[in-house]
Amino acid sequence: MDYKVTKENFTVPSRLGGGVSQQSVELDYILPDYYPEIFKVLNLRILPSISARTLNGTRLEYELSAKIRLTYVSESGEMCAAEQVLTYNRSAELSGAAKSPKISIMPYTESASCRVSGKRRADIRGIISVSVTATADEARQAVSEASGDGLQLRKSLVTYPSKRIAVTKRITVVDEVDLGQSKPAVKTVIRADAAVITADKKILSGKLLTKGEAEVSLLYVPEDSSNKAESIRFAVPFSQISDVEGLDERYDVMISANVSDCEIKPSGKSGNNTVSCELNIEISCLAMRFESVLIATDAYSTVYESSLEMSEEDIECVPQEISESCKTKASLTYYDGEIVSVMCAGAEVGKLDAVTDTDGSVSVRGRITYFAYAENESGKPIYLEGTDEFEKKLPEEASSCSIDAHATVAQTAFKLTSSNAMEITADIRLKGYLFGCKTHRFISGITVDEASPLEKDSDIAMKLYYAEKGEEPWDIAKRTHTTLSAITEENDLGEEILTEPKMILIPIVD
């Protein structure tokens, strides 16, 4: 064998399994004695989070926490809230072990219902879905060089992730927040939501510095309450320095920060309008180092018959940062009377999905829940809620993709459209990354049949060929068993595709 083929290694993303599983939530809840009795339930929230996780070989173990928060009205008309946390130990078996895989565990509530079976008792049911995805790098080989036996290669430049570092850190931020002189002291927390609004990163000597700010939206009943709740928003800063082995400036670093749990408690001192704020923030870091390599996409021999072993793979592109915003709106109707005043109106976004359309464009779709705490004509608290879908088209394109993104509601506005209806407008901000792949077809092997030489007329040094518009010099060279360089030099061709019909001189090569 007088020819030699050289191959180049590169990586492709490989799924290690995962999927979506469900966890049922069942609780026969009895109110503690210090809570007022239940007269009417306003709403029930089941807030899932992942409080711990470990990967041992191919076994992923994690702890799923479900914070159950029941908001109700007592017989005196006071708004009250009771809370309990359930934990579930769960596991998932991955299809293989890998170094530094990217693992995502996303819990979200599918349903939540409550049936009051007594003045101090409630039967709570719900379903939590947990989406687990795990990916790692898998090695592949493509022909990059070939010599001897008149072998000719057509190459294409491919960029791929050569190394990947994935780590997840959890931090707890505790802060005492002064609500200001204009706000009364907190008696009962009705609702507390938190989301990371800014997160910046910096690499310093192999360490990852993350700092940002979370925004807390708080609805509460004041100490001097006439049963009308107050709402306020405030910011909580956070920072974290993490040791990440092997990390340096050659990596593209992507971080996402998400509040997994928010706990707000009154100070406990009468007349003191400060609250204790505890946030559990999960910071995920994915560092990817990209390299480029020339791989062969077509080949032939000018001397012998040859055959190609072709392969096709989806190769991961450099992730695209998502920073988009969109406006959504919905109407809520109160069917049991009139809306006299609104204490608080807002929205929250659930699970997000990326969808690739037939034209290659990518859209992010999600579910948004609109809510409002208000008062009816009798001065009693009421709760309104509605769910809708939203979609935001991204400027990026990909043949296949996934997202690692979070949606936060930057601000909301409302207006009463009739005596018993209101319209809520929400500004949604999408932050995160789009992980796209592009399909590449390449040569994984070449075989030259040295027993089958090509027929050539040794008395001819040049042939004439009439090329059509749109033909490529490479295809002409391959079809006529000559070299691309011989054709381009002989005919002074600079373009890859002929823009007009042309007479081509075909040199005969040995």
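Preceding this paragraph is the structure being described.
If you're wondering where the values come from, they're calculated on a predicted model, not measured in any experiment.

What counts, and where the lines are drawn
- Residues numbered from 1 in each chain as written.
- Predicted model: local features only at pLDDT ≥ 70, side-chain atom pairs only at ≥ 80, totals over all residues.
- Heavy atoms only, no water.
- Helix = DSSP H or I, 4+ residues; strand = E, 2+ residues; numbered from the N terminus.
- Rg over C-alpha atoms; globule rule 2.2 N^0.38 Å.
- Buried < 20%, exposed > 50% of the residue type's maximum accessible area, 1.4 Å probe, protein only.
- Contact = heavy atoms within 4.5 Å.
- Phe/Tyr/Trp six-rings, centres within 6.5 Å; stacked < 30°, edge-to-face > 60°.
- Lys NZ or Arg CZ within 6 Å of the ring centre and 35° of its normal.
- Salt bridge = Lys/Arg side-chain N within 4 Å of Asp/Glu carboxyl O.
- Disulfide = S-S within 2.5 Å.
- 1 Å grid on protein atoms, 1.4 Å probe; cavity = no way out; pocket = protein on both sides within 12 Å on 5 of 7 lines; lining within 4 Å.
- Points joined across faces, edges and corners; volume = space filled by probe spheres on them.
- Nonpolar A, V, L, I, M, F, W, Y, C, P; charged D, E, K, R; others polar.
- Pairing = 2+ DSSP bridges.

J.: Outline the overall build of the protein chain, supporting the account with residue identities and numerical values.
T.: Tallying secondary structure elements over the protein chain gives 2 helices and 21 strands in all. Rg of the C-alpha trace for the protein chain: 32 Å, well past the compact-globule value of 24 Å for 510 residues, more than 25% over. Seen through its C-alpha atoms, the protein chain measures out along the principal axes to roughly 110 × 50 × 40 Å. Counting all 510 residues of the protein chain, 45% fall into the buried class. Taking all contacts inside the protein chain whose residues are at least 6 apart in sequence as the whole, residues at least 24 apart take part in 78%.

J.: Go over the packing of aromatic side chains with me, naming the residues and quoting the values.
T.: Inspection of every chain in the model, using the stated rule, returns 6 aromatic pairs. Plain terms: the ring middles of Phe10 and Tyr160 are 6.2 Å apart, the flat faces sit at 70 degrees to each other, and that makes the pair edge-to-face. Taken as a pair, Phe10 in strand S1 (residues 4–30) and Tyr160 in strand S7 (residues 151–178) lie far apart in primary sequence, 150 residues in all. For the pair formed by Phe10 and Tyr160, the shared burial category is buried. Ring geometry for Phe371 and Tyr373: centres 6.1 Å apart, planes at 75 degrees, overall edge-to-face. In terms of burial, Phe371 and Tyr373 fall into one category: buried. Three or more aromatic residues joined by ring pairs make a cluster, and in this case those are Phe10, Tyr160 and Phe442. Taking the ring centre of Phe435 as reference, the NZ or CZ of Lys102 above it sits at 4.9 Å.

J.: Residues and numbers for the environment of Gly96, please.
T.: Its place among the elements puts Gly96 in the loop between strand S4 (79–93) and strand S5 (102–118). C-alpha separation for the pair Gly96 and Val5, spaced 91 residues apart in sequence, amounts to 31 Å.

J.: Could you give me a rundown of the pattern of salt bridges, with the residues and numbers involved?
T.: Counted by the stated rule, this structure contains 30 salt bridges. Across the pair Glu145 and Lys155 runs a salt bridge, and its minimum N-O distance is 2.8 Å. Separated by 10 residues along the polypeptide, Glu145 in strand S6 (residues 121–147) and Lys155 in strand S7 bring together distant segments of the chain. Taking relative accessible area as the criterion, Glu145 reaches 42% and is therefore assigned partly exposed. For Lys155, a relative accessible area of 33% translates into the label partly exposed.

J.: So what about the state of the cysteines? Which residues, and what values?
T.: Counted by the stated rule, this structure contains 0 disulfides. Distance from the sulfur of Cys344, which forms no disulfide, to the nearest cysteine sulfur (Cys262) is 14 Å. Residue class for Cys344 comes out buried when judged on its relative accessible area of 15%.

J.: Help me get a handle on the layout of surface pockets, residues and values and all.
T.: Estimates place the volume of the second largest pocket at around 300 Å³. Lining the second largest pocket are Lys99, Ser100, Ala136, Asp137, Ser162, Lys163, Arg164, Ile165, Glu245 and Tyr251. Elements with a minimum of two residues in the lining of the second largest pocket: S6 and S7. Considering each element in turn, the lining of the second largest pocket owes the most residues, 4 residues, to S7. Broken down by class, the residue content of the lining of the second largest pocket amounts to 3 nonpolar, 2 polar and 5 charged.

J.: Break down empty space enclosed by the protein for me, with residues and values.
T.: One way to see where empty space is left: roll a probe the size of a water molecule over the atoms. Evaluated as defined, the whole model comprises 1 cavity of 30 Å³ or more. Put simply, the largest cavity is a space of about 40 Å³. Val167, Lys169, Leu208, Ser242, Val244, Ile283 and Cys285 are the residues that line the largest cavity. If you list the elements that add at least two residues to the lining of the largest cavity, you get S7 and strand S12 (274–301).

J.: Help me get a handle on the pairing of strand S16 (residues 361–376), residues and values and all.
T.: Each regular strand shows side chains that alternate between the opposite faces of the sheet. Along S16, 14 of the 16 residues are buried, which leaves the element largely enclosed by surrounding structure. In terms of strand pairing, strand S15 (residues 339–356) meets S16 through 14 bridges, oriented antiparallel. Opposite Asp353, over in S16, you have Arg365 as the bridge partner.

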